[in-house]
Amino acid sequence: SCYSSTLPLADRGDDIRSNEAATTTVPILPAREPLSSFIEDSKDQFSLMSWNILLPNSQDNWWCHKQYSSNVAMDKRQWEHRQSLIKERLLHSAADIVCIQEADGDTFDADFAFMKDNGYDHVLHKKFRFRCATFFLKDKFMLDREAHKDRTLVTSLKSTATDRVLHIVNCHLSGGAAPERRLRQVHDGLQQIQKYINALELDLTKQIKFKRPSPKLIAKAEKALDEYKSAGIVVAGDFNSDGNTAVRKLLVEGGVEPEWREPQYPKLVLTSKERTHSFGSFVDAAELAYGGNVCDGDYSEAIPLVDGTRPATYVVPNLASLLFLPVAEQKGAPRTQFGRQIARGMAEMLNLNDWCAQELDRAFDLVDLDGNGSIDDEEILSLLEDVYVSTFGGQIEQERNNFFNGFGKGSSDGLTKDQFVARLQALQQDVEGERKAFGLARGLGLQKLSTTEMEGIFERIDLDGNGLLDEDEFQQLLETAYVAIYGGEIEKKRVEFFKAFKKDDEHDIRELTKEQFTERLLALHQELDGGRKGSELAEVRTEADVRKMIERFTPLLRHSLDEVFSQFSGNDETLTEEEVNRFLIKTNGELGRGGTFRHVAAILEKKNELQDTPAELTREDWYGIFARELSEGKWWQVVFDLEVCGSSVRASHTSSSGDQFYQGWLDYIYFAKMSCVGVQDALTDSERSKVYSDGDALPNEWHPSDHLPVSGIFSWE
């Protein structure tokens, strides 16, 4: 069930979904009005806005303009115009605190100089391409602490008027099929606040236990601890998900159990241990105002926006019906045989973040251990073993700690032989323990774990020969055990990695070329990210997959592709390298940019290896380039590229279409230990009409992002 965050936990039922669900509501404040105009008590109240602004394209991020509809003039898509809209909105809102997502670290100072000029200080996340930044008015708040976590920025601000503390977790959570990562990211942010409190408690204890305790220092430590314990907490930003998510469950209910699953990912394990926090129940500010909690299908793109309905925060063109023929819902196996958890582990092991050509080349070199220019099955097996150890690293670390617990002071330097044997015997007392014990035995090449055998292998594990088994030695043993436990799965995935490239007349395939290895990694990329929000993808990893994707093209898409092909082709049958380069420069501005360039280069390179004459692209090759782009979720880019070449792809996409938009409820402000005074609407009536009546999807001439800001007024309890 998905509980309403506006009711006490004891009063929550399984079917709380309507406006009547909330026993307490707050006013919906009109859009585009200064938030400061709604504050009645400047000491105890503050305003906060959170907004994913869409990555600035002032120097880099050249592709941002492709996300706009074709009717938007090009100068309205450039940073100068976008920045003016962002500046006007932020400064006019006069929010005390502004949480930004998708700031660019390289151009941040110039992009947001206007905030500094208008009295704001800030903290910018130190990592990532898409960064969080938290601004605050210097005359109202001062920075006390900051922490830069995985896609969250934790700041602790202190009121200049009252010394009250406010903790803010500014989020831009991972996108795509990564619910377990989103859960961990928010949990880590909350844990950082708990660490601050624990450190202050420790400091107070030390002050009290001094031989000559200072009443003044004790009082100071008590005050600091009380400020942090009673502090308000805000978790705000782009959650990249909506509905009954683990992040919502953690915030509203206080914890997520290992057996709990998100409805959208019923087979995906979200956490190996219960994740909890100690800050009470968080409340979704928009739920408080609109009475809807976007859980279990309360909202979707099929429901129009009407008065009293919780507004979507992400409204973009729904291009599915233009590009693809309907496909029956597929049940059973996932898009790849790896599963998202292992696919993500492989991406992290190979340090694949942007999945650009340079990263893919580096990944190939990392796996090609013998440097012979191809990847053999032993190299894939080694990679998969490392991935399994990395993926289950948290479990390995926990089991290592558990293995050493319970032996008192003597275990700090390691375990004796007797203690080691006792621990192995204890593992056999439960079913899961038997599995781990079997893994240990198999990893050591043993038939069974008898007492005699266990005593005999101690010397083999005690690598330094000091008579004690330390944690590093046991870490190596556990890693070996996990490879043994999952050996069958690893072998299955090794075979699967090669299977897609097997020809009909081949019994087995033992090596992959660089091109084949890259193609397999890109299939994993699609498994992980799922492209841009709202896209429905099919995996493309082989030429057969490309053909299946092409078969799903709508007549409209085929017509547009043919139209542009003929425009650049001299003979209407093929495209020379010079002709296709003209297309790439027309769409991307220069050669070397984007997925289309990468796919074209790969096809031409492969053809040039097989023939002496200069390679040319056939019409089928041309279709394949766009099939690969669409499989990566770049629907908006494909439409732009065709339209900029003169094809009217969206001409039939009228405002009367029932599925005109994909809507998402992705941006939130959750709060705890505070009260909400009001939530501001993101659109005026006129702007709402432009979107839902006139079909002016985001981003557009008057709104510079695909996300809408979320804002509210809050008060310390």
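Fair warning: this is a prediction, and the values are worked out from it, not measured in the lab.

1. Examining the overall build of the protein
Link 1 in the chain: Of the regular secondary structure elements, the protein holds 25 helices and 21 strands.
Link 2 in the chain: Looking at the protein as a whole, 54% of its 717 residues are labelled buried.
Link 3 in the chain: The contacts in the protein between residues at least 6 apart in sequence include a share of 70% that link residues at least 24 apart.
Link 4 in the chain: When the accessible area of the protein is evaluated, it comes to approximately 31,900 Å², of which 48% is carbon and sulfur surface.

2. Some thoughts on the sheet that holds strand E8 (residues 165–172)
Link 1 in the chain: Spatially, E6-E7-E8-E9-E19-E12 is the arrangement adopted by the 6 strands of the open sheet, whose pairing is mixed. Both outer strands of the open sheet, strand E6 (141–148) and strand E12 (283–284), are each paired with one neighbouring strand and no more.
Link 2 in the chain: Where E6 meets strand E7 (residues 152–159), 7 bridges bridge the pair, whose relative direction is antiparallel. By the bridge assignment for E7, Met142 is matched with Lys158.
Link 3 in the chain: Relative to the sheet, helix H4 (residues 179–209) contacts E6, E7, E8 and strand E9 (232–238), its axis offset from that of E7 by approximately 40°.
Link 4 in the chain: Its contacts with the sheet place helix H5 (residues 215–229) against E6, E7 and E8, and it is angled at close to 45° to E8.

3. A word on helix H6 (residues 246–253)
Link 1 in the chain: Among the 8 residues of H6, 7 are classified as buried, and the element is accordingly described as predominantly covered.
Link 2 in the chain: Buried within H6 are the following residues: Ala246, Val247, Arg248, Lys249, Leu250, Leu251 and Val252.
Link 3 in the chain: Taken from the residues just after H6, Gly254 is the one with a positive phi, measuring 95°.

4. As for unusual backbone geometry
Link 1 in the chain: The residue after Leu698, namely Pro699, is reached through a cis peptide bond having omega -10°.
Link 2 in the chain: Turning to its location among the elements, Pro699 is positioned in the loop between helix H25 (685–692) and strand E21 (710–716).
Link 3 in the chain: Positive phi values are uncommon outside glycine, yet Arg32 reaches one of about 65°.
Link 4 in the chain: Look at Asn240: it is not a glycine, yet its phi comes out positive at around 55°.
Link 5 in the chain: Relative to the helices and strands, Asn240 is located in the loop between E9 and H6.

5. Examining the packing of H4 against H5
Any two packed helices are characterised by the angle at which their axes cross and by the distance between the axes.
Link 1 in the chain: Interaxial distance between H4 and H5 falls to 9 Å at its minimum, and their mutual angle equals 160°. Classified by the angle their axes make, H4 and H5 are roughly antiparallel. H4 and H5 meet at a crossing whose hand is left-handed. When H4 is examined against H5, the residues Tyr196, Ile197, Leu200, Glu201, Asp203, Leu204, Gln207 and Ile208 are found in contact with a partner set consisting of Leu217, Ile218, Ala221, Glu222, Ala224, Leu225, Tyr228 and Lys229.
Link 2 in the chain: Its residues assigned to classes, the contact of H4 with H5 comprises 11 nonpolar, 1 polar and 4 charged.

6. Quick look at H5
Link 1 in the chain: In this model, H5 (15 residues) spans 21 Å end to end at C-alpha, consistent with the 21 Å of a helix rising 1.5 Å per residue.
Link 2 in the chain: As for H5, its buried residues are in contact with E6, E7, E8 and H4.

7. Section: the pattern of salt bridges
Link 1 in the chain: As enumerated under the stated definition, the model contains 22 salt bridges in all.
Link 2 in the chain: Where Lys607 meets Asp621, a salt bridge forms, and the shortest distance between an N and an O atom there is 2.4 Å. Of this pair, Lys607 sits in helix H22 (residues 594–610) while Asp621 sits in helix H23 (residues 619–631), and the two are 14 residues apart along the sequence.
Link 3 in the chain: With relative accessibility at 18%, the residue Asp621 sits in the buried group.

8. Describing the sheet that holds strand E5 (residues 130–137)
Strand pairing within a sheet occurs via backbone hydrogen bonds; the two strands may be parallel or antiparallel.
Link 1 in the chain: With mixed pairing, the 7 strands of this open sheet are ordered in space as E1-E20-E21-E2-E3-E5-E4. The two strands at the open ends of the sheet, each matched to only one other strand, are strand E1 (28–29) and strand E4 (120–124).
Link 2 in the chain: Where E4 lies against E5, 5 bridges are found, and the strand directions are antiparallel. Along E5, the bridge assignment pairs His122 with Phe135.

9. Points about the side chain of Glu643
Link 1 in the chain: By the element assignment, Glu643 lies in helix H24 (residues 635–644).
Link 2 in the chain: Among the polar contacts listed, one links the side chain of Glu643 to the side chain of Ser70, at a separation of 3.5 Å.
Link 3 in the chain: When residues no more than four places from it in sequence are discounted, the contact partners of Glu643 are Ser70, Val649 and Arg650.

10. Focus: the nonpolar core
Link 1 in the chain: Counting 47 residues, the largest nonpolar core has Val186, Leu190, Val235, Phe239, Leu251, Phe282 and Tyr670 as its most contacted members.
Link 2 in the chain: Contributions of two or more residues to this core are made by E8, H4, H5, E9, H6 and strand E19 (667–672).
Link 3 in the chain: Leu323, Phe553, Val580 and Leu642 belong to the second largest nonpolar core, which has 34 residues in total.

11. Re the packing of aromatic side chains
Link 1 in the chain: Counted by the stated rule, this structure contains 24 aromatic pairs.
Link 2 in the chain: Here the aromatic rings of Phe324 and Phe553 are separated by 6.3 Å at their centres, their planes lie at 45°, and the arrangement is tilted. Of this pair, Phe324 sits in the loop between helix H8 (320–323) and helix H9 (340–349) while Phe553 sits in the loop between helix H19 (543–551) and helix H20 (555–568); the two residues are 229 residues apart in sequence, bridging distant segments of the chain. Assigned by exposure class, Phe324 and Phe553 land together as buried.
Link 3 in the chain: Residues Phe583 and Trp622 carry aromatic rings whose centres are separated by 4.9 Å and whose planes lie at 70° to one another, so their mutual orientation is edge-to-face. You can see Phe583 sitting in helix H21 (residues 577–588) and its partner Trp622 sitting in helix H23, a full 39 residues away along the chain. Across the pair, exposure class does not vary: Phe583 and Trp622 are buried alike.
Link 4 in the chain: Following the ring pairs from residue to residue traces out a cluster consisting of Phe46, Phe141, Phe671, Phe714 and Trp716.
Link 5 in the chain: Its guanidinium or amino end placed over the ring of Phe324, Arg552 lies 4.5 Å from that ring's centre, counting from NZ or CZ.
Link 6 in the chain: In this structure, Arg558 is placed above the aromatic ring of Tyr623, and the distance from its NZ or CZ to the ring centre is 5.3 Å.

12. Remarks on the confidence of the model for the protein
Link 1 in the chain: Residue-level pLDDT values for the protein average 79, and 70% of them are 70 or greater.
Link 2 in the chain: Below a pLDDT of 50 lies the segment residues 7–23, which in the model reaches 30 contacts outside its immediate sequence neighbourhood of four places, other chains included.
Link 3 in the chain: Scored below 50 in pLDDT, residues 296–307 makes 27 contacts in the model with residues more than four places away or belonging to other chains.

13. Section: the state of the cysteines
By definition, a disulfide is the covalent link that joins the sulfur atoms of two cysteine residues.
Link 1 in the chain: Counted by the stated rule, this structure contains 0 disulfides.
Link 2 in the chain: As a non-bridged cysteine, Cys171 has Cys132 as the owner of its nearest cysteine sulfur, 7.0 Å distant.
Link 3 in the chain: A residue is classified by how much of its surface remains accessible, and Cys171, at 0% relative accessible area, is buried.

14. Points about the pairing of E8
Link 1 in the chain: Counting buried residues along E8, 8 of its 8 residues qualify, which places the element largely inside the surrounding structure.
Link 2 in the chain: Neither face of E8 is open: one carries Val165, His167, Val169 and Cys171, the other Leu166, Ile168, Asn170 and His172, and all of them are buried.
Link 3 in the chain: Turn length for the E7-E8 hairpin, with the two strands adjacent in sequence and antiparallel, is 5 residues, and the turn residue Asp163 shows positive phi of about 70°.
Link 4 in the chain: Bridge count for E8 against E9 is 7 bridges, and the pairing is parallel. Within E9, the position partnered with Ile168 by the bridge is Val234.

15. Notes on the side chain of Asp667
Link 1 in the chain: Among the secondary structure elements, Asp667 is positioned in strand E19.
Link 2 in the chain: Polar contacts involving the side chain of Asp667 include one to the side chain of Thr313, which spans 2.6 Å.
Link 3 in the chain: Reaching out from Asp667, the side chain makes a polar contact with the side chain of His707 at a distance of 2.8 Å.
Link 4 in the chain: Once you skip the residues sitting within four places of it in the chain, Asp667 turns out to touch Asn52, Gly237, Asp238, Thr313, His707, Leu708 and Val710.

Reading guide: rules and limits
Residues numbered from 1 in each chain as written. Predicted model: local features only at pLDDT ≥ 70, side-chain atom pairs only at ≥ 80, totals over all residues. Heavy atoms only, no water. Helix = DSSP H or I, 4+ residues; strand = E, 2+ residues; numbered from the N terminus. Buried < 20%, exposed > 50% of the residue type's maximum accessible area, 1.4 Å probe, protein only. Contact = heavy atoms within 4.5 Å. Areas by Shrake-Rupley, 256 points an atom, 1.4 Å probe, with all protein chains shown as cover. Pairing = 2+ DSSP bridges. Axes fitted to C-alpha atoms, helices over the stretch in contact; angles between N-to-C directions. Parallel < 35°, antiparallel > 145°, perpendicular 65-115°, else oblique. Left-handed = near helix turned anticlockwise from the far one by under 90°. Nonpolar A, V, L, I, M, F, W, Y, C, P; charged D, E, K, R; others polar. Expected span 1.5 Å × (residues − 1). Salt bridge = Lys/Arg side-chain N within 4 Å of Asp/Glu carboxyl O. Polar contact = N/O pair within 3.5 Å; in protein donor to acceptor, adjacent residues only side chain to side chain. Core = buried A, V, L, I, M, F, W, Y, C linked by side-chain atoms within 4.5 Å. Phe/Tyr/Trp six-rings, centres within 6.5 Å; stacked < 30°, edge-to-face > 60°. Lys NZ or Arg CZ within 6 Å of the ring centre and 35° of its normal. pLDDT = per-residue confidence, 0-100. Disulfide = S-S within 2.5 Å.

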